[in-house]
Amino acid sequence: MEQKPQAKTMIGRVVSDKMMKTVIIEVEGSRQHPIYKKAYKVVKKYQVHDEAGAAHYGDIVEVAPSRPLSRTKHFRLLRVLTRGEVAESAELKEIT
């Protein structure tokens, strides 16, 4: 029996946890301009289903695609990688 390929996961930061069972994450990426070849940052927001309410504002989370859960929700929360306070302090250390 042939195995199904694993769905591609994404890692992003929670920017809103105000809804019940839903969080909004922000995923950063970079693109290259087709003519000028300059790299620029692209930020996309996704609504993610969080059944247990485990993710909170500022957390770094891993999500995977799923069947459509509503008009805008097509991702499920897999796990919380780092908590908000830890993630913010790590960024501050990188900057200085």
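If you're wondering where the values come from, they're calculated on a predicted model, not measured in any experiment. (Residues numbered from 1 in each chain as written. Predicted model: local features only at pLDDT ≥ 70, side-chain atom pairs only at ≥ 80, totals over all residues. Heavy atoms only, no water.)

K.L.:
Would you mind going over the pairing of strand 2 (residues 22-32) with me for this structure?
P.N.:
Across a regular strand the side chains alternate sides, sitting on one face of the sheet and then on the other. Across four bridges, strand 1 (residues 10-19) lies against strand 2 in antiparallel orientation. Across the sheet, Ser 16 pairs through a bridge with Ile 24, a residue of strand 2. Here strand 1 hands over to strand 2 after two residues, with Lys 21 in that stretch at a positive phi of 60 degrees. In this structure, strand 2 lies alongside strand 3 (residues 39-49), joined through eleven bridges in antiparallel fashion. By the bridge assignment, Glu 26 is partnered in strand 3 with Lys 45. Two successive antiparallel strands, strand 2 and strand 3, enclose a turn made up of six residues, where Lys 37 displays a positive phi of approximately 65 degrees. (Pairing = 2+ DSSP bridges. Helix = DSSP H or I, 4+ residues; strand = E, 2+ residues; numbered from the N terminus.)

K.L.:
Whenever I open this one, the pattern of salt bridges confuses me. Can you help?
P.N.:
Proximity of charged atoms lets side chains of opposite charge pair with each other. Overall, the coordinates contain three salt bridges when judged by the stated rule. With a closest N to O distance of 3.1 Å, Glu 51 and Lys 21 form a salt bridge. Note that Glu 51 is positioned in the loop between strand 3 and strand 4 (60-65) and Lys 21 in the loop between strand 1 and strand 2, a separation of 30 residues in sequence. Overall, the relative accessible area of 52% leaves Glu 51 in the exposed class. Looking at Lys 21, the relative accessible area reads 43%, which means it is partly exposed. Residue Arg 79 pairs with Glu 62 through a salt bridge whose shortest N-O separation is 2.5 Å. Separated by 17 residues along the polypeptide, Arg 79 in strand 5 (residues 73-82) and Glu 62 in strand 4 bring together distant segments of the chain. (Salt bridge = Lys/Arg side-chain N within 4 Å of Asp/Glu carboxyl O. Buried < 20%, exposed > 50% of the residue type's maximum accessible area, 1.4 Å probe, protein only.)

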